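Okay, here's what each chain looks like letter by letter:
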Amino acid sequence: MPLNPFLAKKSHLLEGLGWADLQSDPEAMARFTEYFRDPDQWTMPDISVEDRKVPGPHGEVPVRIYSPRDTSHGAVLWLHGGGFSSGDLDMPEAHLVSAELAARARTSVVSVDYRLAVDGTHYPVPVDDAHAAWLWLAGEWSARSGPICLGGASAGAALALSTAIRLRDRDELRPAALLLAYPFVHFPAPALDETAAARMRDVPQLLRFTTESIEHMVHTYAGRLTDLPPDAMPGAANLAGLPPTGLVLSEYDDLRPSGDLLARQLEESGVPVRTYLATGMMHGHLNRGPSLEEVDRSLDFFVATLLGRPPALDE
């Protein structure tokens, strides 16, 4: 499929821009902001939101809890992306996704402000924070009904997968399902095939992942590029015994081969897996709002996974 027409029409706004320009040039930042303006403004669903801190091995971990106004059926622990070194609870991939899942699935969602890989913080600290938040949620939910699920986007998907592997290996409460959006879980990253590589030329360079940027992301997170622990980039780990998994992939994504490979690995490992391909969309598309149809459909796919229904949008 071609690049989403709404995004393609705005691509000129990013021409010639680099990340350094956004830090120093107000006009460049204005163009960047306009590029990320959606067709319609998102409005917060009618749910309650509470900020808390939960105990963890490296200190308290901030979380934000999204709850339906009426009875909640189950819970989800959600981990935003950001290349392991950026992102927060206010970014759409955390705030909007958590609010929409809570409203659509009538489930409680706990979004985790895990420690980022900055100022000398490396793996396994972000996984430790995610694990601590999961154990807290499992304890809080022990007297309630409904399944507890685990998910994340991009780097957050890697943290979610690493946490699920740790829970399996330690024989702790496992998630009922995994929700993984455009996961980055392999290093070296699998290469695009020729057709996909040609298609990616339509994506603004600012939004591409190069070999250098991928290496920088992994080095920042793990502190090195060699001898990585299997669950640091968990596509290298044993995946047997993990829960049913719903995968959302972006069609225009340099990292999509990692998600494609993960789907094959899960299937080979005997893990039930369903995949939805968001056509015409780029990596990180859950940072856009549901006024874009493929964002809306991606959220519905995750809701169907949470509710234990075969997603009607399966690819």
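For the structure, check the block above.
Leaving glycine out, the prevailing phi sign among residues is negative, and the prevailing peptide bond configuration is trans. In the segment running from Tyr123 into Pro124, the intervening peptide bond is cis, with an omega of 10°. Here the residue pair Phe187 and Pro188 is connected by a cis peptide bond, since its omega of -5° sits within 30 degrees of zero. Take Pro188: it is sitting in the loop between strand 6 (178-181) and helix 7 (194-199). Backbone geometry places Asp119, a non-glycine residue, at a positive phi of 50°. Among the secondary structure elements, Asp119 is positioned in the loop between strand 4 (108-112) and helix 5 (125-140). We note that Asp227 has phi near 50°; this positive angle belongs to a residue other than glycine.

Spatial ordering of the open sheet is given by 1-2-4-3-5-6-7-8, a layout of eight strands whose pairing is mixed. Taken across any chain shown, the strands that pair with only one partner, and hence form the sheet edges, are strand 1 (47-54) and strand 8 (273-282). With strand direction ignored, the average angle separating the axes of adjacent strands in the sheet is 20°. In this sheet, strand 4 lies alongside strand 2 (residues 61-68) in antiparallel orientation, the contact comprising four bridges. For Tyr66, the partnering residue across the bridge sits in strand 4 and is Val109. Helix 5 contacts strand 1, strand 2, strand 3 (75-79), strand 4 and strand 5 (148-153) of the sheet and is inclined by roughly 170° relative to strand 3.

Taken as a whole, this structure holds 16 salt bridges when the rule is applied. Note that Asp51 and Arg64 form a salt bridge whose closest N and O atoms lie 2.7 Å from each other. Taken together, the positions of Asp51 in strand 1 and Arg64 in strand 2 put the pair 13 residues apart, joining distant regions of the chain. You can call Arg64 buried: its relative accessible area is 13%. The partner of Asp70 in a salt bridge is Arg106, with the nearest N and O atoms 2.7 Å apart. Of this pair, Asp70 sits in the loop between strand 2 and strand 3 while Arg106 sits in the loop between helix 4 (95-105) and strand 4, placing them 36 residues apart in sequence. A relative accessible area of 27% places Arg106 in the partly exposed class.

The rules behind the values
- Residues numbered from 1 in each chain as written.
- Predicted model: local features only at pLDDT ≥ 70, side-chain atom pairs only at ≥ 80, totals over all residues.
- Heavy atoms only, no water.
- Helix = DSSP H or I, 4+ residues; strand = E, 2+ residues; numbered from the N terminus.
- Pairing = 2+ DSSP bridges.
- Axes fitted to C-alpha atoms, helices over the stretch in contact; angles between N-to-C directions.
- Contact = heavy atoms within 4.5 Å.
- Salt bridge = Lys/Arg side-chain N within 4 Å of Asp/Glu carboxyl O.
- Buried < 20%, exposed > 50% of the residue type's maximum accessible area, 1.4 Å probe, protein only.

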